[in-house]
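These are the residues of each chain, in order.
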Amino acid sequence: MKNKDISFLKSKDLKIGDKRFIDNKELLIKLVTHYIVNEKSNKGLPVNDVSRFHLGNGAIVDDIIVNANISEVGFNRSFGVMVNYLYELNNIEKNHEDYINNKKIIISDKLKKYL
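These lines cover the structure that appears in this document, whether it is placed above or below.

### What about helix α3 (residues 49-56)?
Residues separated by three or four positions in an α-helix point in the same direction, a consequence of the helix having 3.6 residues per turn. Of all the residues in α3, the buried ones are Ser51, His54, Leu55 and Gly56. Packing partners of the buried residues in α3 comprise α2 (25-38), β1 (60-65), β2 (82-86) and α5 (92-102). The N-capping residue of α3, defined by a side-chain oxygen 3.0 Å from the backbone nitrogen of valine 50, is asparagine 48. Trailing α3 by a residue or two, glycine 58 shows a phi angle of about 95°, which is positive.

Right, here's the structure in full:
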């Protein structure tokens, strides 16, 4: 992963299904994980409105899928990358309270290696 970069995302010839998305899958997951967990508004909350919604309702960030939404809209919004949120009934209230009171973002074990 060290020798790869995401400058291809600025390419004028980038299109849906571009092989470079799969070739750089791990790097894209790392970038999106960082974005969801670390990029904050001036209120200390995630800049992404979908993340704020799900995390505020007690979900955790469960997975990040490259080429999940290969529609034109999905490509234009997020290069087709989607974040999966998981609601675990036993933890929803605790997760919600941790997020609201401490701005804590909980991610799955499988994503922790990307931080």
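### Quick look at the environment of leucine 111
Inspection of the secondary structure assignment puts leucine 111 in helix α6 (residues 109-112). Taking the relative accessible area as the measure of exposure, leucine 111 reaches 1% and is therefore buried. Leucine 111 sits 48 residues away from aspartate 63 along the chain, and the two C-alpha atoms are 6.7 Å apart. Among residues more than four places away in sequence, those in contact with leucine 111 are Ile29, Thr33, Val61, Asp62, Asp63 and Ile64.

Thresholds applied
- Sequence positions are assigned chain by chain, starting from 1 and proceeding in written order.
- In keeping with the predicted nature of the model, local features appear solely for residues at pLDDT of at least 70, side-chain atom pairs appear and are counted solely at 80 or more, and the whole-chain, interface and lining totals rest on all residues.
- With hydrogens and water stripped out, all remaining heavy atoms of the structure feed into the side-chain values.
- Throughout this description, buried means an accessible area under 20% of the type-specific maximum (1.4 Å probe, protein chains only), exposed means over 50%, and partly exposed covers the range between.
- Per the convention used, a helix needs a DSSP run of H or I reaching at least four residues, while a strand needs a run of E reaching at least two, with both numbered from the N terminus.
- The contact rule is simple, with two residues in contact once any of their heavy atoms fall within 4.5 Å.
- N or O atoms closer than or at 3.5 Å make up a polar contact, with two conditions inside protein: a donor-capable atom paired with an acceptor-capable one, and, for residues adjacent in sequence, both atoms drawn from side chains.

Don't take any of this as a statement about function, it's just geometry.
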